[in-house]
Amino acid sequence: MRYILLNPGPVSISGGVRKAALSADLCHREPEYFALQDQVRRGLLDVYGCAPAEWTSVLLGGSGTTALEAMLSSLLPRDARLLVIENGVYGERISRIAQIHGVEFQAVKHEWTDAIDFERVAQALSDRDFTHVAAVHHETTTGRLNDIDRLAELCEKHGAELLLDSVSSFGAESIPFESPALIACAGTANKCLHGIPGLCFVVCRNTALQNAAEPPRSLYMHLPLWAEKQDRQGTPFTPAVNSMLALKQALRELAQQGGWRARHAHYSNLAGQVQRQLSRLGVQSLLSPGESSCVLNAYRMPAAQTYAEIHDGLKQRGFVIYAGQGNLESAMFRISTMGDIGNYDMERLLAALSSVFSE
Ligand SMILES: *Cc1c(COP(=O)(O)O)cnc(C)c1O
């Protein structure tokens, strides 16, 4: 059975991307590979129109967390003082990474269901001289889209640089690249870009690479090393060649489909259809209208059903959904409409939801 993945990555991919992944055997020390690497690096910058004179995209093997850890461990200088914004699993992960790498940091903690409290963030930035702020753009724990424009403004005002976990938003949500505060974004091939797992990336300002941690905190994840090699038609380690082939095709399809804005509109349409169908069936959204990303919505578990029943009922009908994390596990479930999902899949999904929730 072919499953449509409604979990937040990896996503259902198009036939073109699947074919591209298996289209060639490439040695990563040959010109064919370097041409591919150059195209993908350029393609990533092009998604948001980032000028190569100011921005660099650095590709490396690993999942989204690799990009996040590489961004934080290499772009935070040794004397950085970091403020972390936590309102979910992924914000807390940023703090954990900072702790492991011995970065001096403090967190503004929130409940997982809460929006960023900007008064507390402003207070923290006024109380201490933080050089950097790190936050999650789309907090996939609850589907909340954090207000990054406002955070970037606050960073500008306090002279702090902003590092963003945009793993589940890059390619589908607006990212304030024009803000001088924003210096780097971590992303992955297999979420909103519709590539396959194995490859992740950081889009960063050239100045951020120049100010990177010295000495390095990591061998594999030190971004200046990857950037330097990739700039000179090289690669420090064996890259995820097949994921690179797939991502090239996925970026081409994204551009053909109208770029990130069109993808945003498409996802919003799909998420809206699911939300309205569930609302008709008496299932409520976890967050208030307008708080969720276009990528994923969290729903309150209906009192009469368990997650296992909902999950298994949908899986029998060809759809894989996602449980809540941590202490929200019994309170909610999540549906992401990322990936190559067409009208026919949606019709079947709406019917499947109707059967499962009226049972
Ligand atoms: C998916 C995700 C990650 C990375 O998860 P991996 O399992 O390492 O790919 C990081 N941050 C957010 C917000 C995510 O949604």
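Structure's up top.
Residues numbered from 1 in each chain as written. Predicted model: local features only at pLDDT ≥ 70, side-chain atom pairs only at ≥ 80, totals over all residues. Heavy atoms only, no water.

Q: Just checking my understanding: could you explain the site of the ligand for this structure?
A: The environment of the ligand is made up of S63, G64, T65, Y90, R93, V136, H138, T140, D165, V167, S168 and K191. The side chain of K191 places a nitrogen or oxygen atom 2.8 Å from an oxygen atom of the ligand. For the ligand, the protein covers 85% of the area, taking 390 Å² as the surface of the free molecule. Listing elements by their share of the shell around the ligand, those giving two or more residues are helix 3 (64-75) and helix 4 (89-100). Partitioning the shell around the ligand into residue classes produces three nonpolar, six polar and three charged. (Near = heavy atom within 4 Å. Polar contact = N/O pair within 3.5 Å; in protein donor to acceptor, adjacent residues only side chain to side chain. Areas by Shrake-Rupley, 256 points an atom, 1.4 Å probe, with all protein chains shown as cover. Helix = DSSP H or I, 4+ residues; strand = E, 2+ residues; numbered from the N terminus. Nonpolar A, V, L, I, M, F, W, Y, C, P; charged D, E, K, R; others polar.)

Q: Help me understand the environment of S57, please; the structure alone is not making it clear to me.
A: Within the secondary structure, S57 is located in strand 2 (residues 55-61). Along the chain, S57 and W226 lie 169 residues apart, while their C-alpha atoms are 9.9 Å from each other. Residues in contact with S57, not counting those within four places in the same chain, are R41, L44, L45, V202, V203 and Q230. (Contact = heavy atoms within 4.5 Å.)

Q: Teacher, can you tell me more about the side chain of Q305 here?
A: In this structure, Q305 sits in the loop between strand 11 (296-300) and helix 11 (307-316). Given a relative accessible area of 15%, Q305 falls into the buried group. (Buried < 20%, exposed > 50% of the residue type's maximum accessible area, 1.4 Å probe, protein only.)

Q: Sorry, what's going on with the pattern of salt bridges here?
A: Side-chain pairs of opposite charge can arise whenever the charged atoms involved come near each other. Going through the model one piece at a time under the given rule, you end up with eight salt bridges. Its salt-bridge partner being R41, residue D231 comes within 3.0 Å of it at the nearest N-O pair. A residue pair is termed long-range when its members are at least 10 positions apart, and D231 in helix 8 (residues 223-231) and R41 in helix 2 (residues 31-47) qualify at 190 residues. For R41, a relative accessible area of 9% gives the class buried. (Salt bridge = Lys/Arg side-chain N within 4 Å of Asp/Glu carboxyl O.)

Q: Just to check I follow, could you spell out the pairing of strand 4 (residues 104-109) for this structure?
A: Within a regular strand, the side chains alternate between the two sheet faces. Sheet analysis places strand 3 (residues 81-86) next to strand 4, joined by six bridges and oriented parallel. Bridge pairing in strand 4 links L82 to F105. As a crossover connection, the stretch from strand 3 through helix 4 into strand 4 is right-handed. (Pairing = 2+ DSSP bridges. Right-handed = clockwise from strand over helix to strand, strands pointing away.)

Q: In this structure, what is going on with the packing of helix 10 (residues 259-280) against helix 12 (residues 343-358)? I would like to understand it.
A: Between two packed helices, the angle of one axis relative to the other and the distance separating the axes together describe the packing. As a packed pair, helix 10 and helix 12 sit with axes 10 Å apart at the nearest point and diverge in direction by 25°. In terms of orientation, helix 10 and helix 12 fall into the roughly parallel class. Handedness of the crossing formed by helix 10 with helix 12: right-handed. Two secondary-structure elements touch here, helix 10 through L270, Q273, V274, Q277 and L278 and helix 12 through M346, L349, L350, L353, S354 and F357. (Axes fitted to C-alpha atoms, helices over the stretch in contact; angles between N-to-C directions. Parallel < 35°, antiparallel > 145°, perpendicular 65-115°, else oblique. Left-handed = near helix turned anticlockwise from the far one by under 90°.)

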